[in-house]
Amino acid sequence: MTDKKKSEEQLLEEVTSSEYKYGFTTDIESDTIQKGLSEETIRIISKKKNEPDWMLEYRLNAYRAWLEMEEPDWANISYEKPNYQDISYFSAPKQKPVLDSLDDLDPEMKKTFDKLGISIDEQNRLANVAVDIVMDSVSVATSFKKTLAEKGIIFCSISDAIQKHPVLVKKYLGSVVPLRDNYFSALNSAVFSDGSFCYIPKGVACPMELSTYFRINEAGTGQFERTLLIADEGSQVSYLEGCTAPMRDENQLHAAVVELVALDSADIKYSTVQNW
C-alpha cells in the first residue's frame, strides 16, 4: 500500500470513527413561521424579506412547477421521505436587522461560531478571508464587504443582492440550474430564504478567499440555501462553503442550489465541506 493511500485511509478512519463535535444547539430566540407549504407560505417568506414583485413571481412559478413533479427515487438509498407539510420554511435568529460588523453579533451566536471553529475575533484579525455566515434561514453577518467593494467586488447575502443588485440577480438566477431542472431545484427556487451572492468584475483577481458557513439550529426546520457566484470575463476567485447541523432524533431537510457562472477566461475555484 502506498503512503498516500495509507494516509487517505487513516484520514477516513479518523473522520468516520470520531464523535460528531458539531451536534450542539444554540439557545437563541428565533422568528419561525408555522409548518406547511403553500402559496401563502411563499408569500410570507417573500414579505418577510421585503422582496420586489418579480422575485415573488419567480418563487410562485417555481412552487407551481414543483407541484407538478414527483420526488425522485434514488438508487441504492433507503430513507424516510420528508413530509413537506411538517417543515417550517423560514426561521431567523432575532437580532439587529443590519449588522455593521461581526462584533455586533448576539453573544450566544458568537459562542456558537467559536465552537464551530469560526472565531469572530479571529475573523476580525484575518486579512485574507471574507466570510458570510448564514444561520437557519438568514445571513447574520458578512465580513470585509467594504474592502472588497474597493475593487468592485460584490460579496453579500443573496437577500441583499436581490434588493441592491437586481439587474445581476435577474440575469443570472436560474441560468445554471433552472427552476424546472429537478424536483429539489424547484423546491429551493420557491422557498430559499438566504445564501451568498458574489460578483467579480471583469479582469479582477479577488484579493482574498471567500467563504460561507451555513448552520442549521432550529428543530423542525429546513434549510434551503442559494448561492450565486458570477465571475466576469478574465476574473479569478476562490470560494469555500461549509455546513453543519445539531444532532437530533428526527431528520431535517437541507436542499441547496449552487450556481457558478464563469464567463470567458474566468477562473472559479469552488469547494464545499458538508459535515452533518
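Residues numbered from 1 in each chain as written. Predicted model: local features only at pLDDT ≥ 70, side-chain atom pairs only at ≥ 80, totals over all residues. Heavy atoms only, no water.

Enquirer: Hey, could you go over the overall build of the protein chain for me, with residue numbers and the actual values?
Expert: A count of helical and extended segments in the protein chain gives 9 helices and 11 strands. Counting the 276 residues in the protein chain, one finds 49% classified as buried. Within the protein chain, contacts between residues at least 6 apart in sequence are counted, and of these 79% link residues at least 24 apart. Carbon together with sulfur atoms contributes 48% to the accessible area of the protein chain, which is approximately 14,400 Å² in total. (Helix = DSSP H or I, 4+ residues; strand = E, 2+ residues; numbered from the N terminus. Buried < 20%, exposed > 50% of the residue type's maximum accessible area, 1.4 Å probe, protein only. Contact = heavy atoms within 4.5 Å. Areas by Shrake-Rupley, 256 points an atom, 1.4 Å probe, with all protein chains shown as cover.)

Enquirer: Before we move on, can you summarise the nonpolar core with the specific residues and values?
Expert: Core analysis: the biggest nonpolar cluster contains 42 residues, and Y84, Y89, L187, V191 and F197 have the highest contact counts within it. Taken together, the elements giving at least two residues each to this core come down to α2 (39–48), α3 (53–67), β5 (154–157), α7 (158–164), α8 (166–172), α9 (183–191), β6 (196–200) and β8 (226–231). Broken down by element, the residue count for this core peaks at 8 residues, all from α3. Once you skip the residues sitting within four places of it in the chain, V191 turns out to touch L37, I42, I45, R59, Y89 and F224. Formed by 12 residues, the second largest nonpolar core is a distinct cluster that contains L148, I200, M208 and L229. (Core = buried A, V, L, I, M, F, W, Y, C linked by side-chain atoms within 4.5 Å.)

Enquirer: Go over a nonpolar patch on the surface, please, and point to the residues and values.
Expert: On the surface, W74, I77 and Y79 cluster together into a nonpolar patch covering about 320 Å² of accessible area. Along the chain, the position of Y79 falls in the loop between α3 and β2 (91–93). (Patch = residues over 30% accessible without salt bridge, like charges linked within 9 Å, V, L, I, M, F, W, Y side chains within 5 Å. Salt bridge = Lys/Arg side-chain N within 4 Å of Asp/Glu carboxyl O.)

Enquirer: So what's going on with the environment of Y172? Residues and values would help.
Expert: With respect to the helices, strands and loops of the structure, Y172 is situated in helix α8. For Y172, a relative accessible area of 10% gives the class buried. Considering only alpha carbons, one finds Y172 and L260, 88 residues apart in sequence, at a separation of 9.5 Å. With residues near it in sequence (within four places) discarded, Y172 still touches L228, I230, E259, V261 and L263.

Enquirer: A description of the sheet that holds strand β10 (residues 257–262) should follow, citing residues and the corresponding values.
Expert: The sheet built from 4 strands is open, its strands ordered β5-β6-β8-β10 with mixed pairing. Of all strands in the sheet, those with a lone pairing partner are β5 and β10, marking the two edges. Averaged over all neighbouring strand pairs, the angle between strand axes comes to 5°, with direction disregarded. Where β6 lies against β8, 4 bridges are found, and the strand directions are parallel. Across the sheet, the residue bridging to I200 is A231, located in β8. (Pairing = 2+ DSSP bridges. Axes fitted to C-alpha atoms, helices over the stretch in contact; angles between N-to-C directions.)

Enquirer: Just give me the short version of the pairing of β8, but keep the residues and values in it.
Expert: The element β8 is largely enclosed, with a buried count of 6 among its 6 residues. Burial along β8 is two-sided: R226, L228 and I230 facing one way and T227, L229 and A231 facing the other are all buried. Alignment of β8 against β10, held across 6 bridges, turns out to be parallel. Directly across from R226, in β10, lies its bridge partner V257.

Enquirer: Any chance you could break down the pairing of β6 for me, citing the residues and the numbers?
Expert: Counting buried positions over the 5 residues of β6 gives 5, a clear majority of the element. Residues S196, C198 and I200 of β6 are buried on one face, and the alternating residues F197 and Y199, pointing to the opposite face, are buried as well. Bridge count for β5 against β6 is 4 bridges, and the pairing is antiparallel. By the bridge assignment for β6, F155 is matched with C198.

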